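Residues per chain are reported as follows:
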Amino acid sequence: MNRLGRKDDETLIEMASASDGGEVNGPLFENISNTDSEHPGNSEGLSTTETTLLISDLQGNTGRRFNLFLKRRLRIDRQHQSKDSIFFRDGVRQIDFVLSYVDDPNKEGEKKVERRREFENNLEKAGLELETEDKKESENGKTYFVKVHAPWEVLTTYAEVLNIKVPIKENDITCAVENPLDCMTRPFRLPENVMHPEPDYFTAPFSKEKQELYLIHDEHTFFSPSVRNRIVYYILSRCPYGTEEGKKKFGLKRLLNNGTYTAAYPLHDCQYWKKSNDPKCDNERYTLYREWARFFQFYKEQPLDLIRKYYGERIGIYFAWLGFYTEMLFFAAVVGFVCFLYGAFTMNENMSSQEICDTNIGGDIIMCPLCDRKCDYWRLNSTCESSQYSHLFDNVATLFFAIFMGIWVTLFLEFWKRRQARLKYEWDLVDFEEEQQQLQLRPEYEAKCTQKRKNPVTQELEVFKRKTVNDYGKLSLLYFGILFWISLIIASMIAVIVYRLAVYAAFASFMENAQTPTPIRRLLTPQLATSVTASFLNFVIIMILNFLYERIAIWITDMEIPRTHLEYENRLTMKMFLFQFVNYYSSCFYVAFFKGKFAGYPGFYTYMFNTWRNEECDPAGCLIELTTQLTIIMAGKQIWGNVQEAVLPWIWNWWGRRRAGSSPENLYSRWEHDHDLQTFGPLGLFYEYLEMVIQFGFITLFVASFPLAPLLALMNNILEIRVDSWKLTTQFRRPVAAKAHSIGIWQEILNGMAILSVVTNAFIVAFTSDMIPRLVYYYAYYTDPNSPMSGYINSSLSIFQTSDFSDANKPEQSTEHYDTCRYRDYRYPPDHERKYTHTMQFWHILAAKMAFIIIMEHVVFIVKFFIAWMIPDVPSEVKAKIKREKYLTQKILHEYELNKLRQKLCESRTYASMEKEVIASEGRVELAEVM
């Protein structure tokens, strides 16, 4: 009851102060208020009558009506102030972070109350200021909100600890001369105040002892909100909250995991659809939504400086990379579309498809059955349409585009390094790498460390964890688990292959059935129908395995206990990418490099598990099937990704707004608005990178089979930028700001994929497409000098004598009897002495394929490395600016130290001269007295 009395005392004092226009939150009030808030359950039983009696006991019966009036007036003012306010009740102290929790009626509730009390007391000891909103003030009547404010002393202390750079002088380096062609890009630009919301400054690491050196115009706005929430989160993640089971427990993450707090987040500065009424609000969220997060702004440049200011460098560097990647995709998309048009315009000139469609050539060629016993003989011209469509992607332009993409990917990576170097300079990240290694120790690692050792560089003691036999055994099990999951992916791919082999016969018999509609038989071959259905099935399996493995990879990485945040992300990235690489690309590798290569020949087919006959390629080649596989998986992943990123968060937020829809907007506070949004977790950006890197693999590793892949990626990325910006601005809580000087390990992954893409595309052109066999025939085996490609189809098909079929291969019910049938291979006919062995043409084609791979790889690699050598990673003007800034910074710091030294010398001299003057005057007085 005493506790309740004190709480009502404070409420009364607060009301009286509000009515007098004074401050309501002194330090004493904050400490008492926050202590009381630890036991919210004690005040739940207060009825309106009890509250009124308490107030009347303190103020007297004569003031009851006045107090009630003040209470109502305060509630109205508070509701009005909380509408979009990001300040404490005094309207001065900014809310840097918000913690929320609910009462727990279970046995664990008392432990949670004790943890919160200890945690919040330690936060106050660290210098943070807290203010608690009772659950009665919340919209749902259940949630408490603890608002956290970092005063100037805390900010300056941790700004020095975190080595945060702050302005010391405006940048005097002149900008580049304006380009006369800039007027052409004016429609794509944003207003200058949006693109550059802050002046450009020379910066230096903050030091509390040199505060007069920095350009501090206002202590409340000197540190941006993103810097403030980064500092507060650093404190929250390391603040202890007690000892349990003999171990010291600390960190906000553990409190969130065990349910002590339900959420922790910094606030958005305003609503995204309208400006705040508070004149002190910058309305940066509203500006980002209007100028960046709407789809109809897709043709505009991105306000990267504003993104960095609001969300931090880590998110800013991601959107800078994504925007640059999309810009570079435009050139690849244009060239790929031109190659596709070349295939479309030359489709009717393709001699191979003409011969297949010709009733006198393709109509007279009888092909061997596509499956054992159930399938009948079929005519080659039944694949007319599929052979024509195959020419869209299997033509001379394919070779050119494969070489072009090998060079394009090098240009993209090299120019990105230059763009990244500019951002590092502009965003004060030049010296960030060392800071990142030293300052971002994971609290989970620190909690496990029981020993200290001297750092050989800093000569300071630092915590470390010594590996034990148990640790190595645990790691061995973890890596065995990784191999198990990769094996599971391979097993699922084999299952899809078995599906292809099992349904292939069914499709083949269905397509050959006379009752099958003609349009279906004309458009779909058994190979294509099998490939389409298997691709969809494979896509579903990919999504299911992704869902499972994401959680396994995170659990394995947590068990490894990496030392720093960077190390944690790198380990998780490698596990997830390795899995995604096998998961997404294994089916494409199978179609490109294995399907049809080990099928055997009639009478001597090869079988998987001695049961299912291996697949054969279409007479026009396997490239069209690889194109189908790539299109379905790539497009399906992009569509599903956009649904996950945009639709699902919107549905969850819509459901949350439905519950809050009964309350007027002015009763729904800023922290409650943000509380109902989705959480952009620490791995949110990781999944965005992973999605784009997987897409990068599709457009580089297999681009020779699908020149339109860059165009699809370009259209997706234009949408992706706006979807990511829209969901981040409107559907998610504001993420904690974090620094990053580059895209990290993803750069190395992109470099590795760029090198691998040269090899895969060379093999696709050589072994999957029909280009090399056609070129060999054109130059060495043509029969008609006037039309060198005529007769190519007949040359590429071998002859088999039907009487050589075994009973297991022979068709059960054949409508007609044929003495011979044809199959796709280069083998001697049955009447030759080397019956059914490979011809010399086969060996010539194989030699040409190997020579092509070696030549193409060497040419592209030489060009790649020459381009990489020619293009410096850091532009010369950026190097000059970095040197200029370092010089001026050192000069300013040197002059500052000199001035301080002069000032001290002057003070010491003045003091010495004054002392001498006093002594002299005393001497004169004594002399006068003597005289």
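Counting restarts for each chain: residues are numbered from 1 in the order of the written sequence. Residues qualify for local features only when their pLDDT is at least 70, as the model is predicted, and side-chain atom pairs are given and counted only at 80 or more; totals for whole chains, interfaces and linings, by contrast, use all residues. Where side-chain values are given, they derive from all heavy atoms of the structure, hydrogens and water being excluded.

- As recorded in an unreviewed UniProt entry, the protein goes by Anoctamin and comes from Gekko japonicus.
- UniProt positions are given in the numbering used here, feature names are shortened, and annotations may be inferred rather than shown by experiment. Database annotation for the protein, UniProt heading Sequence similarities (unreviewed entry): "Belongs to the anoctamin family."

## What to know about the overall build of the protein
Line of reasoning, step 1. Secondary structure elements are taken from DSSP: a helix is a run of H or I of four residues or more, a strand is a run of E of two residues or more, and numbering for both begins at the N terminus. In terms of helices and strands, the protein carries 31 helices and 18 strands.
Line of reasoning, step 2. Here the protein, with 931 residues, has 51% of them falling under the buried criterion.
Line of reasoning, step 3. For the protein, the share of sequence-separated contacts (at least 6 apart) that also reach a separation of at least 24 residues comes to 77%.
Line of reasoning, step 4. With the model as given, the accessible surface of the protein reaches about 45700 Å², and the carbon-plus-sulfur share is 59%. When a residue's accessible area, from a 1.4 Å probe over protein chains only, is under 20% of the maximum for its type it is buried; when over 50% it is exposed; and in between it is partly exposed. Throughout, a residue-residue contact means that at least one pair of heavy atoms, one from each residue, lies within 4.5 Å. Residue exposure ignores everything except the shown protein chains as possible cover, and the areas themselves are Shrake-Rupley values with a 1.4 Å probe.

## What about the confidence of the model for the protein?
A low pLDDT means the predicted coordinates there should not be read in detail.
Line of reasoning, step 1. On a scale of 0 to 100, pLDDT captures the predictor's confidence in every residue. Looking at the protein as a whole, the pLDDT averages 79, with 80% of positions reaching at least 70.
Line of reasoning, step 2. For residues 1-80, every residue scores under 50 in pLDDT, and the model assigns this stretch 92 contacts once sequence neighbours within four places are set aside.

## Overview of unusual backbone geometry
Line of reasoning, step 1. In this structure, Asn-283 is a non-glycine residue whose phi angle is positive, near 55°.
Line of reasoning, step 2. Assignment of secondary structure puts Asn-283 in the loop between strand 8 (263-265) and helix 11 (284-291).
Line of reasoning, step 3. In this structure Asn-283 comes out as buried when scored by relative accessible area, which is 10%.
Line of reasoning, step 4. For Tyr-836, which is not a glycine, the phi torsion comes out positive at approximately 65°.
Line of reasoning, step 5. As for its placement among the helices and strands, Tyr-836 is situated in the loop between strand 18 (820-824) and helix 30 (840-870).

## Observations concerning the pairing of strand 3 (residues 143-149)
Line of reasoning, step 1. Counted residue by residue, strand 3 has seven buried out of seven residues, so it is predominantly covered.
Line of reasoning, step 2. The alternating pattern of strand 3 places Thr-143, Phe-145, Lys-147 and His-149 and Tyr-144, Val-146 and Val-148 on opposite faces, both of which are buried.
Line of reasoning, step 3. In terms of strand pairing, strand 1 (residues 97-102) meets strand 3 through six bridges, oriented antiparallel. From the neighbouring strand, Ser-100 faces strand 3, where its bridge partner is Phe-145.
Line of reasoning, step 4. Any two strands are treated as partners once DSSP identifies two or more bridges connecting them. Note: strand 2 (residues 129-133) against strand 3, five bridges, orientation antiparallel. Each bridged residue has a counterpart across the sheet, and for Leu-130 the counterpart in strand 3 is Val-148.

## Looking at the pairing of strand 1
Line of reasoning, step 1. Of all six residues in strand 1, five are buried, a share of seventy percent or more.
Line of reasoning, step 2. Across three bridges, strand 1 lies against strand 8 in antiparallel orientation. Note on strand 8: the bridge partner recorded for Val-98 is Tyr-265.

## A closer look at the environment of Ile-853
Line of reasoning, step 1. You can see Ile-853 is positioned in helix 30.
Line of reasoning, step 2. Separated by 88 residues in sequence, Ile-853 and Val-765 have C-alpha atoms that sit 8.5 Å apart.
Line of reasoning, step 3. Excluding its chain neighbours within four sequence positions, the residues that come into contact with Ile-853 are Ala-762, Phe-763, Ala-766 and Phe-767.

## Things to note about the pattern of salt bridges
Line of reasoning, step 1. Salt-bridge detection follows one rule: a side-chain nitrogen of Lys or Arg within 4 Å of a carboxyl oxygen of Asp or Glu. On inspection of all chains with the given rule, the structure shows 27 salt bridges.
Line of reasoning, step 2. A salt bridge links Arg-308 to Glu-313, with the nearest nitrogen and oxygen atoms 3.0 Å apart.
Line of reasoning, step 3. In this structure, Arg-571 engages Glu-567 in a salt bridge whose closest nitrogen and oxygen atoms are separated by 2.6 Å. With Arg-571 and Glu-567 both in helix 22 (residues 565-593) and four residues apart, the pair spans about one turn of that helix.

## Comments concerning the environment of Ala-495
Line of reasoning, step 1. With respect to the helices and strands, the residue Ala-495 is situated in helix 19 (residues 469-512).
Line of reasoning, step 2. The spatial distance from the C-alpha of Ala-495 to the C-alpha of Asn-538 is 9.4 Å, given a sequence separation of 43 residues.

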